[in-house]
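Observations on chain architecture
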Amino acid sequence: MSRRKQVQKKATKSDSKQIQLGNVIDRCRDWRDSSFSEKQYESAYFWGEQLLSLKDDPLDRYILADIMYSREEYRQCESLLISNTILKSSSWSQYLIGLCYVKLEKWELLIELVNSFSKGRKSNTDLDIEIEKRCGKSAKLSAKFSHLRGIAYLNQGLKENAKENFIDAIKQDLNCFESFDMLLSNYLLNADEERSIIKDLPFDQVTTFEADFIKCVYTSRLTKYNNVELIKNTHEILHDSYSLTKGRLVQLGKTELLMIQRDYFGAIKILDELLIDFPYNMDVLTLYGLCLQELSKTNQLFTLGHQLVELFPKHHVTWYIVGLYYFAIQKYIDARFYFEKSTKINPTFGHGWIGYGHSFSLEKEHDLAISIYSSASKVLSGIHLPNLYLGMEHACLNHWKLAKEFLSIAYSSCKSDPLVFNELGFVYYKEKQYDMAVTYFSEGLRIIQDAKTPLKKWSPSLCNLGHSFRQLGKHPEARKYFEQVAEDLESCESAYSGLALICVIEAKQSEAIKWCHKALAINRNNVECQSLLEMALLELASSQPKTEHLTEQDKFLNARIKSHLLDGQEAEDIPLLDDLMADMEGTMFTDVAIETEEDTHTFNPFNKSQLIDMDHNPFATSRPTGANTTKSTGQVRRRLNFQPSSPTNIFDDDAPVRNGNPSHSLFGRATDHSFGSDNNLEPASPFVSDGSGEFPMRSGSLFSNVQDEDVEDMDIDNSESD
């Protein structure tokens, strides 16, 4: 009897102990879960370890592995899951192992893992259901595995396979924006594929209201080059129907649209508002840095670069911003180093590749620029910009056949970028196919007008169109475009030179002299304008019109000009017409002796056929070397704001300008001449010459002349991140 009581007593104690142990386990789970939810990973890890010691439950082991993943202990997380037979058969456990493989960059193992899941390996359904219930997981695991496989293929360079898996993931789960983002941010889709994927999404999985909302949000992220009107309408719907106006993605979309239209002041206003809520969002900072560079706000770029180096020394955007600073102050070798560094950190970073190529192109290293753009075309396979820039570089080298080939590829990918039309028009012009040149220049200007972009920011295209009409003998049309540029811009050497040439052809010597003086006031070293001025002055002085056809003022001017020429003065040293007019005041015309000696020049420079075909014009002493275009990210495209920089300006074999080489920017010219100025004045035209005489202009001299004493190098320690 006593023995039975002893056995019962022991059983009671054992049960009590088990109950107490169960209570302890339950309390440890509560402590672990509360710590994990409150992001106290050390406490959660500690109580998770105690639980594993008390009772090796598969669910507790999975949660502990999840905690390790949050602590960035990826190898330990993988080992903990693989060491348990039950967890190895769990789909959620496999997914967590796959996430570890992504962090550890084990791409082959990741593909093998995903393929084994796709083949239908048996899983512990009860455990998966318990994990979903306990951890609040979604049941659409197949979409998640497709996304992981897409990441693996992308990092192996298999872009087509990656694209298929990302599209498959979106179709299985409309909420999988991450896959949609990977398609756009890595430029895996061309314009047609972008539109088709939106149409093919299975919106029947959700309600009509939800489907419309998802469709609008996804559409707002499409490439801005090819879908300008569609995206504008989408923004209006999001504003009117959903009151979605301050969302980061929507605001970024508006910013990219403004940057494509070269409205950098409008873009930077939106970015300033975004930076209040998202001061360290890298997508926002990338576009913000581009706008600062475009507006030559180098002080702000300098400060931003230092802040990012201190806070994010291992992020590719950090070194891209530093590169932008050196690019803005025209230290291209330093800029090149940091652009290259950003591409090494993230090989798919499009901005870095484009900036890297521009740094070579600006120093006239066209062969090296071609090499970089070729690499960029492999990384940015879904966007037209690398092929566009390759065409422009070949045009600089007078490789017209190759230039046309690459520009045609760019045109097939994007028919809404005016820069593509400008460059194609330039190539056709150089091949003397002036009708085709007029067609492409006109279509480019139509796109610009449809986008409501100020034409003065595309004045080289207007000048190009004027020269094309001039070659066709349509002088009134040519004059119209030159005068439009001269009216829109306070000073434009290209337009003034074009007008001077037309006036000489039409034997309007006085007007030609006026335009030559205006052009030479901008660039005194313009040899062709000097030649035109001398021709016009000689013709005006040597001509002997009947006295009754001349006013007293004309007689005086003729005599004064002839007097200066016979005194041995150079043409460019003759006073301006306004100064000559001032000399007239109080002067008796009869006191001026009008020379009547014949000009000794045997060559007649006023033969119109000789002016139209400058191959026979002895004054055309220099010729341009190919297309001239600003390379700009701009930029752009989602997170790749390769904005249409200013177009190529034709000062070709037939145009009275100096030879020159193109200069490129990262999406336009910096026009704020004060170092780091923050003024909100409308910037000067990106096509106004800075007096360097570098013509022809793709977009003119792209950066303001920043004096060496006004800028400083960043004192950056690269050892930490190298």
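Everything below is about the structure shown above.
As a starting point, this report considers the structure included with it. Fair warning: this is a prediction, and the values are worked out from it, not measured in the lab. Along each chain, residues carry numbers from 1 onward, in the same order as the chain's sequence is written. Confidence filtering applies because this is a predicted model: local features only for residues at pLDDT of at least 70, side-chain atom pairs given and counted only at 80 or more, and all residues used for totals across whole chains, interfaces and linings. The side-chain numbers reported here are obtained from all heavy atoms of the structure, hydrogens and water having been left aside.

A few words now on the overall build of the protein. What counts as a helix is a DSSP run of H or I of at least four residues, what counts as a strand is a run of E of at least two, and both are numbered from the N terminus. When helices and strands are tallied, the protein shows 34 helices and zero strands. Evaluated residue by residue, the protein yields a buried proportion of 55% over its 722 residues. Total accessible area on the protein is roughly 32000 Å²; 49% of this is exposed by carbon and sulfur atoms. Partly exposed describes any residue whose relative accessible area lies between the buried limit of under 20% and the exposed limit of over 50%, with all areas from a 1.4 Å probe on protein chains only and scaled to the type maximum. Here the Shrake-Rupley method, with its probe set to 1.4 Å, supplies the accessible areas, and only the displayed protein chains count as covering residues.

Moving on, we get to the packing of aromatic side chains. Only centres within 6.5 Å qualify two rings of Phe, Tyr or Trp (six-membered ring in Trp) as a pair; their planes then separate them into stacked at under 30 degrees, edge-to-face at over 60, and tilted for everything else. All told, the structure shown has 32 aromatic pairs when counted by the stated rule. Judged by centre distance (4.7 Å) and plane angle (50°), the rings of Trp31 and Trp47 are tilted. Here Trp31, found in helix H1 (residues 2-37), pairs with Trp47, found in helix H2 (residues 41-54); they are 16 residues apart in sequence, far enough to count as distant. For Trp47, a relative accessible area of 25% translates into the label partly exposed.

Of all hydrophobic cores here, the largest spans 121 residues; its most connected members are Leu271 and Leu388. Here, nonpolar core means buried Ala, Val, Leu, Ile, Met, Phe, Trp, Tyr and Cys residues that are tied together by side-chain atoms lying within 4.5 Å of each other. Of all hydrophobic cores here, the second largest spans 58 residues; its members include Leu64, Leu148, Leu188 and Ala211.

Turning to helix H7 (residues 107-118), a few remarks are in order. Count 3.6 residues to each turn of an α-helix, and residues three or four apart come out pointing the same way. The span one expects for a helix is its residue count, reduced by one, times 1.5 Å. Over its twelve residues, H7 extends 16 Å from the first C-alpha to the last, a length consistent with the 16 Å expected when each residue adds 1.5 Å. Here H7 has its buried residues at Trp107, Leu110, Ile111, Leu113, Val114, Ser116 and Phe117. Contacts are residue-level and defined by heavy atoms, with any inter-residue pair within 4.5 Å sufficient. Along its buried surface, H7 packs onto helix H6 (91-104) and helix H9 (141-155).

Relative to each other, helix H24 (residues 400-413) and helix H25 (residues 418-430) sit at 155°, their axes nearing to 10 Å. As judged from the angle between their axes, H24 and H25 are roughly antiparallel. H25 is crossed by H24, and the crossing has left-handed handedness. Every residue of H25 that contacts H24 at Trp400, Ala403, Lys404, Leu407, Ser408, Ala410 and Tyr411 is listed here: Val420, Phe421, Glu423, Leu424, Phe426, Val427, Tyr428 and Lys430. Every angle, taken between N-to-C directions, lies between 0 and 180 degrees, and every axis is a line fitted to C-alpha atoms, over only the stretch in contact when it is a helix. When an angle is under 35 degrees it counts as roughly parallel; over 145 it counts as roughly antiparallel; between 65 and 115 it counts as roughly perpendicular; any other value is oblique. Each helix crossing is assigned a hand: it is left-handed if the near helix lies turned anticlockwise from the far helix by less than a right angle, otherwise right-handed if that turn is clockwise.

Function-wise, these values are silent; they only describe arrangement.
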